[in-house]
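# Structure assessment
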Amino acid sequence: MKFITEFRRSELAEGLISQIHRQSKTPVRFMEFCGGHTVTIFRYGIRQLLSKTIEMVSGPGCPVCVTANADLDKAIALSQIPEVIIATFGDMLKVPGSHSSLQKVRANDADVRVVYSTTNALEIAAENPTESVIFLGIGFETTVPTIAASILQAEERGIKNYYILSMHKLCPPAIRALLDSGEVKLDGLICPGHVSAIIGSHPWEFIARDYGIPCVVSGFEPLDILQCIDMLVAQVENGESKVEIAYRRGVRPEGNQQALKLMEQVFEPCLAEWRGIGEVPDSGLRLRKEYQHFDAELAFDIDPGPPYEPKGCICGDILRGVKTPADCKLFGKACTPEYPVGPCMVSSEGSCSAHYLYGEGFEG
Amino acid sequence: MCLAIPVLIKSIEDKEAEVEIGGMICRISLWLTPEARVGDYALVHTGYAINILDQEEAEETLRLLREIAELAEGEG
Ligand code: SF4
């Protein structure tokens, strides 16, 4: 398919790999922020193709994985209210909250429906006027504009039984928090491609400028990742740190202005809790005053109680890039994709799931 | 979760477009890309076009990658 097969051509990959081997002299550690990149890197065995000088670490860029248990518990508490339909992306179903998961409450009669788009959730609301449809708003800047658009459509169509639980996260503030913690030292950052399709490349500039870390925005095909790594290596070897785009067909420096406008119109930044990173100022989004009648937390009274973290799960440390799944005693034993203990094993883009599926991180 | 795939826009009606995904005709929303035209390739994420792909930039990137491959072959 156009724009996919061309960016998987092995002869072009070989050229990039040999250029990376030729250029890379300094030992470096690069982080791929985005879970989608983690999947490409594992699926194509990219770590093994790189020079020994290059170490890759996975970052916290999976919205399912970074959703705090306290937020999951709210979603589960909302599902227990009579005449409430929960609409959610499928990724969230299996994620264990403190005491249950959406999948388990669904088996116990809660009305939880998987949707592929907010437009499906709006249709469910239109078709069930006597019930309340609560859409679980998870996702980064890539997804937020689609949720903003759904709210504006609900307004336009006079749909009054549509609500959202806003658990959205913004990426640049989280990266700043990660770098400020000083726990993980990075020599280059693979910036998320589809987050950047919306926000552009400018919001990453503080990383190159204030922290001296080279940044390259990458697409999701193997050639995209290799080109991005090649560009990072070139910056390191030239002693530079700037923001570049390797994914020029999909990302413009200024981003998608229309999407940003809708997002800005409906949401405003607020404090948010990230699993593993903790509370990060201005890294979440809440509905602006004019749209607060869509806010599920304001419309319904819930008390999910204090959150509880599963014993032994080190997802938080893995998300910060300070530990790997191999460091977790439960990995591949008590915790597998079929019986996941933590979100990094549930989400197909989680580090634990990628390690498990592609056979890394096992002992011996 | 930020998965987005390139699709060809076949027709447009108001703020919606018809596209083909894996052999199936689907409708996607153009709320975020009002500039979309028939014949464009859009990046689709959760039923919305989040950007229009720049075909010239794609060609340019591939040209650069071919150059790198030729260079590597010449040296190898
Ligand atoms: S292997 Fe399972 S328990 Fe261990 S960190 Fe990963 S998700 Fe948590």
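Note that the structure is predicted; figures quoted are calculated from it, not measured.

A tally of regular secondary structure across chain A gives 17 helices and 11 strands. A compact globule built from 364 residues would reach a C-alpha radius of gyration of about 21 Å, and chain A, at 21 Å, matches this within 12%. When burial is assessed residue by residue, chain A has 59% of its 364 residues classed as buried. Looking at chain A alone, contacts between residues at least 24 apart form 76% of all its contacts between residues at least 6 apart. In chain A, the 34 positive side-chain charges and the 46 negative ones have mean positions that sit 4 Å from each other.

Now for the nonpolar core. Note that soluble globular proteins tend to have their nonpolar side chains buried in a common cluster. The biggest cluster of nonpolar side chains holds 138 residues, and the ones touching the most others in it are Tyr162(A), Leu189(A), Trp204(A) and Ile229(A). Here this core gets eight residues from one element, more than from any other, and that element is helix α12 (residues 222-237) of chain A.

With that settled, the discussion passes to the pattern of salt bridges. Pairing of side chains with opposite charge becomes possible as their charged atoms draw close. All names here are of chain A. Evaluation of the coordinates by the stated rule reveals 23 salt bridges over all chains. Residues Glu 309 and Arg 275 are paired through a salt bridge, measuring 3.3 Å at the closest nitrogen-oxygen approach. Taken together, the residues span a long stretch of sequence, with Glu 309 in the loop between α14 (296-299) and α15 (315-319) and Arg 275 in the loop between β10 (267-274) and β11 (278-287) at a distance of 34 residues. A relative accessible area of 45% means that Glu 309 is categorised as partly exposed. Classification of Arg 275 by relative accessible area gives buried; the value is 8%. Counted as one network, the salt bridges with shared partners bring together Glu 183, Asp 317, Arg 320 and Lys 323.

What follows concerns the sheet that holds strand β2 (residues 54-61) of chain A. Residue and element names in this part refer to chain A. Across the sheet, which stays open at both edges, the five strands sit in the order β2-β1-β7-β8-β9 with parallel pairing between neighbours. Strand pairing shows two members of the sheet lacking a second neighbour, β2 and β9 (243-245), which therefore form its edges. Strand-to-strand twist of the sheet, defined as the mean angle between neighbouring strand axes without regard to direction, takes the value 20 degrees. Pairing analysis gives six bridges linking strand β1 (residues 28-34) to β2, with the strands arranged parallel. Within the sheet, the bridge partner assigned to Glu 32 lies in β2 and is Ser 58. Docked against the sheet, helix α2 (residues 35-43) engages β1, β2 and β7 (188-191), running at close to 120 degrees with respect to β1.

This paragraph deals with the packing of helix α7 (residues 118-127) of chain A against helix α8 (residues 144-157) of chain A. Residue and element names in this part refer to chain A. Interaxial distance between α7 and α8 falls to 9 Å at its minimum, and their mutual angle equals 30 degrees. Judged on the interaxial angle alone, α8 and α7 are roughly parallel. Note that α7 runs across α8; the crossing there is right-handed. Together, Thr 118, Thr 119, Leu 122, Glu 123 and Ala 126 of α7 and Thr 146, Ile 147, Ser 150, Gln 153, Ala 154 and Arg 157 of α8 make up the contact between the two elements. Of the residues belonging to the contact of α7 with α8, the class tally is four nonpolar, five polar and two charged.

Let us now look at helix α1 (residues 10-23) of chain A. Taking 1.5 Å of rise per residue, the 14 residues of α1(A) would be expected to cover 20 Å, and the 20 Å separating its terminal C-alpha atoms lies within 8% of that figure. For α1(A), the full list of buried residues reads Leu12(A), Ala13(A), Gly15(A), Leu16(A), Ile17(A), Gln19(A) and Ile20(A). Looking at the buried positions of α1(A), the neighbouring elements they touch are α3 (46-49), β2 and α12 of chain A together with α1 (55-75) of chain B.

Residues and elements named next belong to chain A. Structurally, chain A comprises domain 1 (2-63 + 171-245), domain 2 (66-170 + 255-299) and domain 3 (320-358). The interface is formed by seven residues belonging to domain 2 together with seven residues belonging to domain 3. Both sides of the domain 2 and domain 3 interface together cover about 540 Å² of buried area, and 67% of this is carbon and sulfur. Here domain 2 is connected to domain 3 by zero salt bridges. Counting across the interface, domain 2 meets domain 3 through one residue pair in polar contact (both at pLDDT 80 or more).

All names here are of chain A. Direction vectors running N to C along α1 and α12 enclose 20 degrees, while the axes themselves pass 10 Å from each other. Classified by the angle between their axes, α1 and α12 sit roughly parallel to one another. In this structure, the crossing between α1 and α12 has a hand that is left-handed. Contact with α1, carried on its side by Leu 12, Ala 13, Leu 16, Ile 17, Gln 19, Ile 20 and Gln 23, involves Leu 223, Leu 226, Gln 227, Ile 229, Asp 230, Val 233, Ala 234 and Glu 237 of α12 and no other residues of that element. Across the contact of α1 with α12, the residue classes tally to 10 nonpolar, three polar and two charged.

Between its first and last C-alpha atoms α1(B) spans 31 Å; for 21 residues at 1.5 Å apiece the expected length is 30 Å, and the two agree. Within α1(B) the residues assigned to the buried category are Ala58(B), Thr61(B), Leu62(B), Leu65(B), Ile68(B), Ala69(B) and Ala72(B). The buried residues of α1(B) all sit within an arc of 120 degrees when viewed along its axis, so they share a single face. Relative to its buried face, α1(B) has exposed residues pointing more than 90 degrees away, namely Glu56(B), Glu70(B) and Gly74(B). If you follow the buried residues of α1(B), they end up packed against α1 and α12 of chain A.

Looking now at the site of the ligand. As a structural note, the neighbourhood of the ligand is formed by Cys313(A), Ile314(A), Cys315(A), Ile318(A), Cys328(A), Leu330(A), Phe331(A), Cys335(A), Val341(A), Gly342(A), Met345(A) and Cys352(A). Per-class residue counts for the shell around the ligand are 11 nonpolar, one polar and no charged.

Reading the values: rules and limits
All chains use their own residue numbering, which begins from 1 and follows the written sequence. For naming, the first written chain is A and the first written ligand is 1, with later ones following in the order written. Reporting in this predicted model follows two pLDDT cut-offs: at least 70 for local features of residues, and 80 or more for side-chain atom pairs to be given and counted; totals over whole chains, interfaces and linings ignore these cut-offs and use all residues. Side-chain numbers come from the whole structure's heavy atoms, not from hydrogens or water. Note on conventions: DSSP H or I runs of at least 4 residues are helices, E runs of at least 2 residues are strands, and numbering of each starts at the N terminus. The globule rule is 2.2 Å times the number of residues to the power 0.38, and the radius of gyration it is compared with is taken over C-alpha atoms. We call a residue buried when its accessible area falls under 20% of the maximum for its residue type, exposed when it is over 50%, and partly exposed in between, using a 1.4 Å probe and counting protein chains only. The criterion used for residue contact is that any of the two residues' heavy atoms lie within 4.5 Å. We treat Lys and Arg as the positive residues and Asp and Glu as the negative residues; His and chain ends play no part in the count. Charged side chains are reduced to one point each, which is NZ for Lys, CZ for Arg, CG for Asp and CD for Glu. We call a set of buried Ala, Val, Leu, Ile, Met, Phe, Trp, Tyr and Cys residues a nonpolar core when their side-chain atoms join them within 4.5 Å. The working definition used for a salt bridge is a side-chain nitrogen of Lys or Arg within 4 Å of a carboxyl oxygen of Asp or Glu. Whether two strands pair depends on DSSP finding at least two bridges between them. The axes used here are C-alpha line fits, helices contributing only the stretch in contact, and every angle between their N-to-C directions lies in the interval 0 to 180 degrees. An angle below 35 degrees is read as roughly parallel, one above 145 as roughly antiparallel, one from 65 to 115 as roughly perpendicular, and any other as oblique. Take the far helix as your reference; a near helix turned counterclockwise from it by less than a right angle gives a left-handed crossing, and one turned clockwise gives a right-handed crossing. Note that Gly is not counted as nonpolar here; it falls among the polar residues with everything else outside the nonpolar set of Ala, Val, Leu, Ile, Met, Phe, Trp, Tyr, Cys and Pro and the charged set of Asp, Glu, Lys and Arg. Here, expected helix span is obtained from the residue count minus one, scaled by 1.5 Å. What counts as a domain boundary in this text is fixed by an automatic or database domain assignment. Summed over both partners, the accessible surface that disappears when two parts come together, traced with a 1.4 Å probe, is what is meant by buried area. Any pair of N or O atoms that falls within 3.5 Å is considered a polar contact. Within protein, one atom must be able to donate a hydrogen and the other to accept it, and sequence-neighbouring residues count only if both atoms are side-chain atoms. Here the arc refers to the set of directions running from the helix axis out to each C-beta atom. It suffices for a single heavy atom of a residue to lie within 4 Å of a molecule or strand for the residue to be listed as near it.

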